[in-house]
Amino acid sequence: MTATGDLILVLDAGTTSTRAILFAPDGTMRAVAQAELTQHYPQAGWVEHDAGEIWAKTLAAARDVIGQAGGADRVAAIGITNQRETVVAWDKVTGEPLHHALVWQDRRTADACAALKNAGQEPVVQAATGLLLDPYFSATKMRWLVDNVPAVQAAAAAGRLALGTVESWLVWKLTGGAHVTDASNASRTLLLPLDGASWDDGLCDLFGVPRGALGEVVDNAGQFGLTDPALLGRAIPITGLAGDQQSATIGQGCLAPGQTKATFGTGAFVLANMGDALPRSGHRLLGTVLYQLGGKRDYALEGSVFVAGSLIKWLRDGLGVIASAGESEALARSVPDSGGVVIVPALSGLGAPHWRPEARGVITGMSFSTTRAHLVRAALEAMAMQTQDLASAFAADGAEWTTLRIDGGMSANDWMAQDLADVLQVPVERPDFVETTALGAAMLAGVGAGLYPSLSAASGAMRGAVRTFAPGLQVDPERRAGWERALAAS
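Residues numbered from 1 in each chain as written. Predicted model: local features only at pLDDT ≥ 70, side-chain atom pairs only at ≥ 80, totals over all residues. Heavy atoms only, no water.

Every other side chain in a regular strand lies on the same face of the sheet, so the side chains alternate between the two faces. When you tally the buried positions in strand β5 (residues 75-82), you get eight out of eight residues, the bulk of the element. Sheet topology places strand β1 (residues 7-13) next to β5; seven bridges connect them, and they run parallel. By the bridge assignment for β5, I8 is matched with A77. For β5 and strand β11 (residues 238-243), the ladder comprises five bridges, and the chain directions are parallel. Bridge assignment links G79 to a residue of β11, and that residue is G240. (Buried < 20%, exposed > 50% of the residue type's maximum accessible area, 1.4 Å probe, protein only. Helix = DSSP H or I, 4+ residues; strand = E, 2+ residues; numbered from the N terminus. Pairing = 2+ DSSP bridges.)

And the structure:
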C-alpha cells in the first residue's frame, strides 16, 4: 500500500484518559487532544469504565487533532494503543456495549482464580500462556460477564456476543464491524498460547469463554481495516495495534534481546526483550508477546506493578495531601528522608513478583512529626522499592538489567528518576519525549502503512534524544529493611 498524507494518528486509550496524537515522520508531535475517563467503583475491588464513553471521547479527540492539522487528507494511517486486559462486551448487531468494561485493575474474580489454582491449573496455564492465574488478566473477567450479566448471556445465546480488549472495541467502532485483536493484547487474556497462532479451545473451555465471541488474532502492523468515512472525514487505514506496555517498549527502542524499559503510568510495567526465545519464569514474572510481524513473534519477560501514578492521584484526590501531581517532586526534595514513613501501595493488590490480590495498602512509621512532605516522599520512594523487587526477580530469571529505560507520566519527575538509579545501581535513561507508548504505536502504524521498511528503521527515524541518570551512592540498607517489614504487613 502507498500511504497518502504525511502524519500518523495515534489513539491512546489509557486507564485514566484517552488521547489522540498526530506524529510527523520524524517522531515530532504535531497535535494532541485528551479527555479524562470516568472511573466507576461499584464496590470494593471493582473497577469499571463506560465503553461508550471510551469510544465517544476517543472519537472526539481524533476529530480535534485532525481539525488542528487541517483535515483528514493529512493523515496517512492510524495506530491504536490501549490499556491491556480490560474487557468490553458488545452486541455484534447493534455495536453497543452490553455492560461497563471491566478494567485491568478489577479484582472481582479473585475467588475464581483461587479456585482454579486450588484445582492445580496454574502450572498448566503458565506453561501455555506465560501468565499466572490472577484477576488482572482478561479471561476470568469475560467469564464473569457471561455468568452475571443477562444482556451478555442473551447475546451469547443468540450468537451476537463480541468480547475484546479496548483496541478490539475501537477497531470495531471505527470500521463498522472488523473484529480483530493484535497478538500483544491477545497474549494478555489467558486464552492465547505463547507459541500458538490463535485462541486455544482448551483454554477457552477452562475459563468458560465462548470462542465465537473473540476476534481474529492479527499482527501488530498491517492492514486492519478502513475507518468509516463519515467518522473522520475520509476512510483512513488502521495499520498499527499494540497493548500499551508493548507499545512503550517499541517506542523506547528496546528491539534487541536484553534491552529493558519501565513505564511509570497508572501502574508500573517492566518489559525485557527476549527475542524469539519463549520466556519462562521461575520467579513469578510473566511471559508475553512483545510484537508479531508477518506471523513471527518476538517475546518479552514482564513484571507488572498495579499502583504507581495512581498512588499520587490518590494522595491528591482521595486524601487531599497535594493539590497537583506536579507538587510531588518539590515536596520530596524538601525533606532529607521520609521520616521513617513507608508506603506499600497495594491499593489494587500486589502484582509481580508477589501476586497477592488480597493485599491492601499499608502506611507505617508515622508519628506526630510526620508531614505531608514525608508522605509524598514515601510514595515516590515506593516506586523504586517496587522496581527493585522486580529487578531481583528478573536477575533470578537470567535477565539482569544493565540499563533501565523509563517513560510514562511519572518519569518526568527528576527526583524519582535519580532515586531509581541510586536504588537499582544501574544507569536510568529517560527520553526527552516520555510519551513513548503513543510513539511505539506510531512506529507500528508507519511500518504497517509502508512508511518505513522495518521497526528498526521506524525507531531510528522517530526516537529522539535521551537523558541519563547515573547511579550515585548506595541507599541506606535500612530503607530496604523497612520496605520488607511493611510489605509483610500488607
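The structure having been displayed, the exposition proceeds.
Moving on, we come to the nonpolar core. In this structure, L161, L163, L191, F207, F264 and F394 are the most contacted members of the largest nonpolar core, which totals 127 residues. With 14 residues, the single largest contributor to this core is helix α13 (residues 372-396). Counting residues in each nonpolar core, the second largest holds 41 residues, with V65, A101, L170 and L231 among its members. (Core = buried A, V, L, I, M, F, W, Y, C linked by side-chain atoms within 4.5 Å.)

Let us now look at the sheet that holds strand β20 (residues 466-469). Strand pairs in the sheet, formed through backbone hydrogen bonds, run parallel or antiparallel to each other. Spatially, β14-β15-β13-β12-β18-β19-β20 is the arrangement adopted by the seven strands of the open sheet, whose pairing is mixed. Edge positions in the sheet fall to β14 (286-293) and β20, since each of these pairs with one other strand and no more. Averaged over all pairs of adjacent strands, the angle between strand axes in this sheet comes to 30°, irrespective of strand direction. As paired strands, strand β18 (residues 404-407) and strand β19 (residues 428-431) are joined by two bridges and run parallel to one another. Residue pairing across strands places L404 opposite V428, the latter belonging to β19. (Axes fitted to C-alpha atoms, helices over the stretch in contact; angles between N-to-C directions.)

This paragraph deals with the pattern of salt bridges. Applying the stated criterion across every chain yields a total of 33 salt bridges. The shortest N-O distance in the salt bridge between D106 and R108 comes to 2.8 Å. No difference in accessibility class separates D106 from R108, as the two residues are buried. E429 is the partner of R405 in a salt bridge, and the nearest nitrogen-oxygen pair spans 3.5 Å. Taken together, the residues R405 in strand β18 and E429 in strand β19 connect sequence positions 24 residues apart. Of the two residues, R405 and E429, neither departs from the other in class, the shared state being buried. The network of salt bridges with common partners includes R84, E85, R188, D244 and E302. (Salt bridge = Lys/Arg side-chain N within 4 Å of Asp/Glu carboxyl O.)

Let us now look at the packing of aromatic side chains. Taken as a whole, this structure holds 13 aromatic pairs when the rule is applied. Ring plane angle 80° and centroid distance 5.4 Å describe the contact between W46 and W144, whose orientation is recorded as edge-to-face. On the criterion of sequence distance, the pair formed by W46 in the loop between β3 (29-36) and β4 (48-49) and W144 in helix α4 (residues 138-148) is long-range, its members being 98 residues apart. Assigned by exposure class, W46 and W144 land together as buried. With a centroid separation of 5.7 Å and 75° between ring planes, the pair formed by W104 and F269 is classed as edge-to-face. (Phe/Tyr/Trp six-rings, centres within 6.5 Å; stacked < 30°, edge-to-face > 60°.)

Moving on, we come to the packing of α13 against helix α14 (residues 414-424). Any two packed helices are characterised by the angle at which their axes cross and by the distance between the axes. At a minimum axis separation of 9 Å, α13 and α14 run at an interaxial angle of 40°. Regarding the angle of α13 to α14, the classification is oblique. Here α13 and α14 pass one another in a crossing that is right-handed. Contacts between α13 and α14 involve R377, L380, E381, M383, A384, M385, T387, Q388 and A391 from the first element and W415, M416, D419, L420, V423 and L424 from the second. Classifying every residue of the contact of α13 with α14 by side-chain character gives ten nonpolar, two polar and three charged. (Parallel < 35°, antiparallel > 145°, perpendicular 65-115°, else oblique. Left-handed = near helix turned anticlockwise from the far one by under 90°. Contact = heavy atoms within 4.5 Å. Nonpolar A, V, L, I, M, F, W, Y, C, P; charged D, E, K, R; others polar.)

Over its 25 residues, α13 runs 37 Å from end to end, which matches the ideal 36 Å to within 8%, given 1.5 Å per residue. Of all 25 residues in α13, 20 are buried, a share of seventy percent or more. G398 sits one or two residues past α13 and shows a positive phi near 85°. (Expected span 1.5 Å × (residues − 1).)

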